[in-house]
Amino acid sequence: MHSRTTEKIAFLDSEIAGLRTRIGTGGNSVQRAKLKMLRDIREDYQKRIEAVARHDKGGDE
C-alpha cells in the first residue's frame, strides 16, 4: 500500500467537506458529480486500507 494513503484520504475528506459547503442545499450538476467522484475515490482508498489490514493479519491471502 502506498505510504501516503491516509494523507490522501484526509485530503479527500477536506475537499469533500469544502465542496459540500459550497454546494449547500442546492448546487449544480457538475458540483454534485464532482462530489460523487471524490466520495468514490475516498471509498476506494478506504477499502484498500482495510484489505491491506486484513492481509497483514493473515485473513485475506
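Going by the structure above, here's the rest.
Parameters at a glance
- Residues numbered from 1 in each chain as written.
- Predicted model: local features only at pLDDT ≥ 70, side-chain atom pairs only at ≥ 80, totals over all residues.
- Heavy atoms only, no water.
- Helix = DSSP H or I, 4+ residues; strand = E, 2+ residues; numbered from the N terminus.
- Expected span 1.5 Å × (residues − 1).
- Buried < 20%, exposed > 50% of the residue type's maximum accessible area, 1.4 Å probe, protein only.
- Contact = heavy atoms within 4.5 Å.
- Polar contact = N/O pair within 3.5 Å; in protein donor to acceptor, adjacent residues only side chain to side chain.
- Arc of directions from axis to C-beta.

Participant: Would you mind showing me how to read helix 2 (residues 29-56) here?
Facilitator: When the terminal C-alpha atoms of helix 2 are compared, their 41 Å separation across 28 residues agrees well with the 40 Å that a helix rising 1.5 Å per residue should span. Those residues of helix 2 lying buried are Leu35, Leu38, Ile49, Ala51 and Val52. Next to the buried residues of helix 2 lie helix 1 (5-23). Two or three places before valine 30, at the start of helix 2, stands the capping residue asparagine 28, its side-chain oxygen 3.0 Å from that residue's backbone nitrogen. Among the residues trailing helix 2, glycine 58 stands out with phi positive, at a value near 85 degrees.

Participant: Would you explain the environment of aspartate 13 in this entry?
Facilitator: Relative to the assigned elements, aspartate 13 resides in helix 1. A relative accessible area of 32% places aspartate 13 in the partly exposed class. Spatially, the C-alpha atoms of aspartate 13 and leucine 38 are 8.6 Å apart, while their sequence positions differ by 25 residues. Side-chain polar atoms of aspartate 13 contact the side chain of arginine 42, separated by 2.4 Å.

Participant: Explain helix 1 here, please?
Facilitator: One turn of an α-helix holds 3.6 residues; hence residues three or four places apart share an orientation. Helix length check: helix 1, at 19 residues, gives a terminal C-alpha distance of 26 Å against a target of 27 Å (1.5 Å per residue), a fit within 8%. Those residues of helix 1 that sit buried are Thr5, Ile9, Leu12, Ile16, Leu19 and Ile23. Down the axis of helix 1, the sector holding all buried residues measures 90 degrees, keeping them to one side. Opposite the buried face of helix 1, by more than 90 degrees, sit the exposed residues Thr6, Thr21 and Arg22. Residues of helix 1 that are buried make contact with helix 2. Backbone geometry just downstream of helix 1 places glycine 24 in the positive-phi region, at approximately 65 degrees.

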